[in-house]
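Survey of secondary and tertiary structure
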Amino acid sequence: MINTSIPEENLCGLKQADFQKTVNGKQTDLFILKNEKGAEIAVTNYGCAVLAIMVPDKNGKYANVVQGHDSIDHVINSHEPFLSTIIGRYGNRIAGGKFLLEGKEYTLTINNGPNSLHGGPTGFHARVWDAEQDTPQSVNFHYLSADGEEGFPGNLDIHVTYTLSNDNEFIITYKATTDKTTLVNLTHHGFFSLSGIANPTATVDNNIVTINADYYTPIDNVSIPTGEIAPVAGTPMDFRAPHTVASRIDDDFEQLKFGAGYDHCYVLNKREAGSLTFAAKCVEPLSGRSMEVYTTEPGVQVYTSNWHNGFEGAHGATFPARSAICFEAQHFPDTPNKGHFPSCVLRPGETYSQVTIYKFGIEQ
């Protein structure tokens, strides 16, 4: 596969030749989406990784507001393997890497303490997807996940589309079908730095966050939900009114200690399951950039890149701890082992679907 749709000039400064490589017999490439306002999104079909999102600040200055890499080798060998990639077959953690489905126990690869995380070490983030860019503003990805891959049952056929609208919305649509009952919990792990990536990239301490959730799922000391659906009221987890990230992240609060900061799933307020609704908003006050999140999913995992160590990304930018914030739209962690959580089971004849939108704007 050779991509011939790269614009002659781009804002992100990425080069197509740096992303063309044969990996496990499949060709990787660079794709650039550009809208009528001049915004850009650069992606590769390795893990559907987002490499750059170029949007303006309050003065009209464009910068890359997502953490990514500037070559396919750096994407593959990143210190953070999930950096701004698609996550699957199961986003987030499954306790002990085990679950029961239709009376059979399945065992997954353990890659996060005692747990399975984000579909395992060779999950969807580490696969070369088929890709086709049919318009300047969208690219379609396809992957067939084989029965037994990373321990999950069923051949899962997945289609993901990235679209950059003229309203500076990054729209992700997902569809999946299976030939055997399985689990599906897809998400996008964008690491957003609204101030713009730099060396070093600024922390998100000053980011003003709002989350449309009255409840969240508390975790234990290995980041597995306890099963409780707990109110955020009266705790540092409450973002129903806007707060800066730094205002309470270091509070003497057990949940923040367990996560080394925010790394928790919020139970989104929804009148109807599966409806596309407002989930969260983030504002970086110095640049004036804002990002609103809308999703059909029941939850959003908020993660403040607590384990970043200053590793290098695109164009010499470095990514220290808490230099990004993630809003991973998804079902709750460890759902297969928590019968009262919304189900992630997908059966033959059914279609998994999700829409998540990251809308970029400016707050004066």
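That block above? That's the structure.
**With respect to the nonpolar core**
Of all hydrophobic cores here, the largest spans 59 residues; its most connected members are Ile 53, Tyr 162, Tyr 266, Phe 327 and Phe 360. Beyond its immediate sequence surroundings of up to four residues, Tyr 266 is in contact with Ile 211, Ala 213, Tyr 215, Tyr 216, Val 232, Met 237, Phe 239, Pro 298, Gly 299, Val 300 and Val 302.

**Remarks on the sheet that holds strand E30 (residues 352–362)**
Think of a sheet as strands paired side by side through backbone hydrogen bonds, with each pair either parallel or antiparallel. Spatially, E12-E13-E14-E15-E30-E24-E23-E18-E21 is the arrangement adopted by the nine strands of the open sheet, whose pairing is antiparallel. Because the sheet does not close on itself, it has two edges, and the strands there are strand E12 (130–135) and strand E21 (243–244). Where strand E13 (residues 138–145) and strand E14 (residues 156–164) come together, eight bridges link them in antiparallel fashion. In the sheet register, Tyr 143 faces E14, and the bridge partner there is Ile 158.

**Overview of the pattern of salt bridges**
Under the counting rule described, the total for this entry stands at twelve salt bridges. Note that Glu 149 is salt-bridged to Arg 127, the shortest N-O span being 3.8 Å. Within this pair, whereas Glu 149 is found in the loop between E13 and E14, its partner Arg 127 is found in the loop between strand E11 (116–117) and E12, the two being separated by 22 residues in sequence. The class for Glu 149 is buried, based on a relative accessible area of 12%. Of the residues examined, Arg 127 reaches a relative accessible area of 24% and is grouped as partly exposed. Where Asp 147 meets Lys 180, a salt bridge forms, and the shortest distance between an N and an O atom there is 3.0 Å. Placement of the pair is Asp 147 in the loop between E13 and E14 and Lys 180 in the loop between strand E15 (169–178) and strand E16 (182–183), with a sequence separation of 33 residues. Given the relative accessible area of 38%, Asp 147 is considered partly exposed. Note on Lys 180: relative accessible area 37%, which makes it partly exposed.

**Thoughts on the packing of aromatic side chains**
Going through the model one piece at a time under the given rule, you end up with 17 aromatic pairs. An angle of 85° between the planes, with centres 5.2 Å apart, marks the rings of Phe 332 and Phe 341 as edge-to-face. Side by side, Phe 332 and Phe 341 carry an identical accessibility label, which is buried. The rings of Phe 31, Phe 141, Tyr 162, Phe 170, Phe 192, Tyr 358 and Phe 360 are connected pair by pair, giving a single aromatic cluster. One Lys or Arg, Arg 248, reaches over the ring of Phe 239 and ends 4.9 Å from the middle of that ring.

**Some words on the sheet that holds strand E6 (residues 62–64)**
Taken in spatial order, the four strands of this open sheet run E3-E4-E5-E6, and their pairing is antiparallel. The sheet terminates laterally at strand E3 (30–34) and E6, the two strands that pair on one side only. This sheet shows a mean twist of 15° between the axes of neighbouring strands, independent of strand direction. Relative to strand E5 (residues 50–56), strand E4 (residues 40–44) runs antiparallel, the two being bridged by four bridges. Residue Glu 40 lies in a different strand from E5, and its bridge partner there is Met 54.

**Digging into the pairing of E15**
The buried fraction of E15 is high, at seven of ten residues. Of the pairings in the sheet, the one linking E14 to E15 comprises nine bridges and is antiparallel in character. Each bridged residue has a counterpart across the sheet, and for Leu 156 the counterpart in E15 is Thr 178. The hairpin turn running from E14 into E15, its antiparallel successor, is four residues long, and Asn 168 in that turn takes a positive phi close to 60°. With eight bridges connecting them, E15 and E30 associate as antiparallel partners. Counted as the bridge partner of Glu 169 is Lys 359 from E30.

Cut-off values and rules
- Residues numbered from 1 in each chain as written.
- Predicted model: local features only at pLDDT ≥ 70, side-chain atom pairs only at ≥ 80, totals over all residues.
- Heavy atoms only, no water.
- Core = buried A, V, L, I, M, F, W, Y, C linked by side-chain atoms within 4.5 Å.
- Buried < 20%, exposed > 50% of the residue type's maximum accessible area, 1.4 Å probe, protein only.
- Contact = heavy atoms within 4.5 Å.
- Pairing = 2+ DSSP bridges.
- Helix = DSSP H or I, 4+ residues; strand = E, 2+ residues; numbered from the N terminus.
- Salt bridge = Lys/Arg side-chain N within 4 Å of Asp/Glu carboxyl O.
- Phe/Tyr/Trp six-rings, centres within 6.5 Å; stacked < 30°, edge-to-face > 60°.
- Lys NZ or Arg CZ within 6 Å of the ring centre and 35° of its normal.
- Axes fitted to C-alpha atoms, helices over the stretch in contact; angles between N-to-C directions.

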